[in-house]
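# Report on the structure
In case you want the letters, here they are:
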Amino acid sequence: MVHKVKAVIVREKNGPVSVETILVPDPGPGEALVDILTCGVCHTDLHYKQGGITDGFPILLGHEATGVVSAVGPDVVEVAPGDRVILNWRAVCGQCRACAKGQPQYCFNTHNATQKMTLEDGTELSPALGIGAFAEKTLVAAGQCTKVDDDADPAAVGLLGCGVMAGIGAAINTGEVQRGESVAVIGCGGVGIAAIAGAKLAGATTIIAVDIDANKVDMARSLGATHGVDSSLEDPVEAIRALTGGHGADLVIDAVGRPETYKQAFYARDLAGRVVLVGVPSLDMKIELPLLDVFGRGGSLKSSWYGDCLPSRDFPMLVQQYRLGNLDLAAFVTERITMDQVEEAFAKMHEGKVLRSVVEIAAPAGTA
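First, a word on scope: everything that follows refers to the structure included in this document. (Residues numbered from 1 in each chain as written. Predicted model: local features only at pLDDT ≥ 70, side-chain atom pairs only at ≥ 80, totals over all residues. Heavy atoms only, no water.)

Moving on, we come to the overall build of the protein. Of the regular secondary structure elements, the protein holds eleven helices and 18 strands. In terms of overall dimensions, the protein has a C-alpha envelope of 65 × 40 × 40 Å along the principal axes. By the burial criterion, 54% of the 368 residues in the protein qualify as buried. Contacts spanning at least 24 positions in sequence make up 69% of the contacts within the protein whose residues lie at least 6 apart. (Helix = DSSP H or I, 4+ residues; strand = E, 2+ residues; numbered from the N terminus. Buried < 20%, exposed > 50% of the residue type's maximum accessible area, 1.4 Å probe, protein only. Contact = heavy atoms within 4.5 Å.)

With that settled, consider the packing of helix 4 (residues 163-174) against helix 10 (residues 311-323). Contact geometry of helix 4 with helix 10 gives a least axis separation of 12 Å together with a crossing angle of 100°. In terms of axis orientation, helix 4 runs roughly perpendicular to helix 10. Residue-level inspection shows Met 165, Ile 168 and Asn 173 of helix 4 in contact with helix 10, the latter providing Arg 313, Asp 314, Phe 315 and Leu 318. Broken down by class, the residue content of the contact of helix 4 with helix 10 amounts to four nonpolar, one polar and two charged. (Axes fitted to C-alpha atoms, helices over the stretch in contact; angles between N-to-C directions. Parallel < 35°, antiparallel > 145°, perpendicular 65-115°, else oblique. Nonpolar A, V, L, I, M, F, W, Y, C, P; charged D, E, K, R; others polar.)

Taken together, the buried positions of helix 8 (residues 259-268) are Thr 261, Tyr 262, Ala 265, Phe 266 and Ala 268. Against the buried residues of helix 8 lie strand 11 (182-186), helix 7 (236-242), strand 14 (249-254), strand 15 (269-277), helix 9 (291-297) and strand 16 (300-303).

Attention now moves to helix 11 (residues 342-350). Turning to helix 11, its buried residues are Val 342, Ala 345, Phe 346 and Met 349. Seen from one end, helix 11 has its buried residues packed into an arc of 105°, which puts them on one side. The inward-facing, buried residues of helix 11 abut strand 1 (2-10), strand 2 (17-25), helix 1 (43-49), strand 17 (335-337) and strand 18 (357-360). Where helix 11 terminates, the next one or two residues include Gly 352, which has phi positive at roughly 70°. (Arc of directions from axis to C-beta.)

Moving on, we come to the sheet that holds strand 2. Taken in spatial order, the five strands line up as 7-2-1-4-8 in an open sheet, and their pairing is mixed. Of all the strands in the sheet, just strand 7 (118-119) and strand 8 (126-127) have a single pairing partner and so form its edges. Here nine bridges tie strand 1 to strand 2, and the two strands are oriented antiparallel to one another. The residue of strand 2 that forms the bridge with Val 10 is Val 17. (Pairing = 2+ DSSP bridges.)

Time to look at the side chain of Thr 261. Positionally, Thr 261 belongs in helix 8. Setting aside anything within four residues of it in sequence, one finds Thr 261 in contact with Ile 186, Asp 254 and Val 256.

That is the geometry; function is a separate question.
This is the structure in structure tokens:
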């Protein structure tokens, strides 16, 4: 059976998005059909729209999503129809060299659905991050579904599917924040503020938010930062050092991904401190550092991909922290919109007006 559903498509590089009818097949072996409840509008979707990730247009956008499994293919045991799930783009294979080493969070062979979703004329779609969730239904690999309790706000917990998990994981998983440590985060967009929330959750006691936008710094303070630095007015390296006894932070997270912010992070950390890069640089960016400084300062320089998360481990734990009141995921939801407002949401994102616009596609069962 093929399902005709509405979805948000971009047909060409930098083209406008449109709501169109697509065809979604029933799940085959290892696949799951998911009714989408909510999907966040993520920077990665904008990069897809701009042609920065693939030229495989048309693209079915959306990936930061919560849904309900409606059907599964043969041999699927991970989830069953009726399960509330958060979708992820790290469906662990269990067989690659990373998995064999006991490091499934670095799986090098993650799965996507084998069958293709198409336009009505049969044109194959490229689903964003192998998900494509700005749609009433989508087809994914069953391993891309992480089961969670169904009594949490899907718009809030669905953000763990990408940006919020990337930030929290950069602090907790990659940065390995310890209780009582100092953490500075450069760049206070959605991922940066999520890193601040992660540092708070892990027990950091000095959490410094750095941004050129004073409004973003204030927002970061409301979500866990103990100090704020407006880097349009003062040198962030000197400011971070002044707030950490003159030494620098134990961990500095670059959530911007530019050479200048990476250098700031490098020099704003304490001796033997850590730097984590979670902001995504563009292809043309290069960094130059004195090798003696790299050697002499010690510590570690790491990159964080998807917050080094293991969805089966991290999503349920973080949903529980949200339910316990320790992690304010709802605060990341700036607005709730419909599918035909995605283009407008991209504009707001570009202007830095929102943490997350969340598309509400279907209401959870039992709600009005």
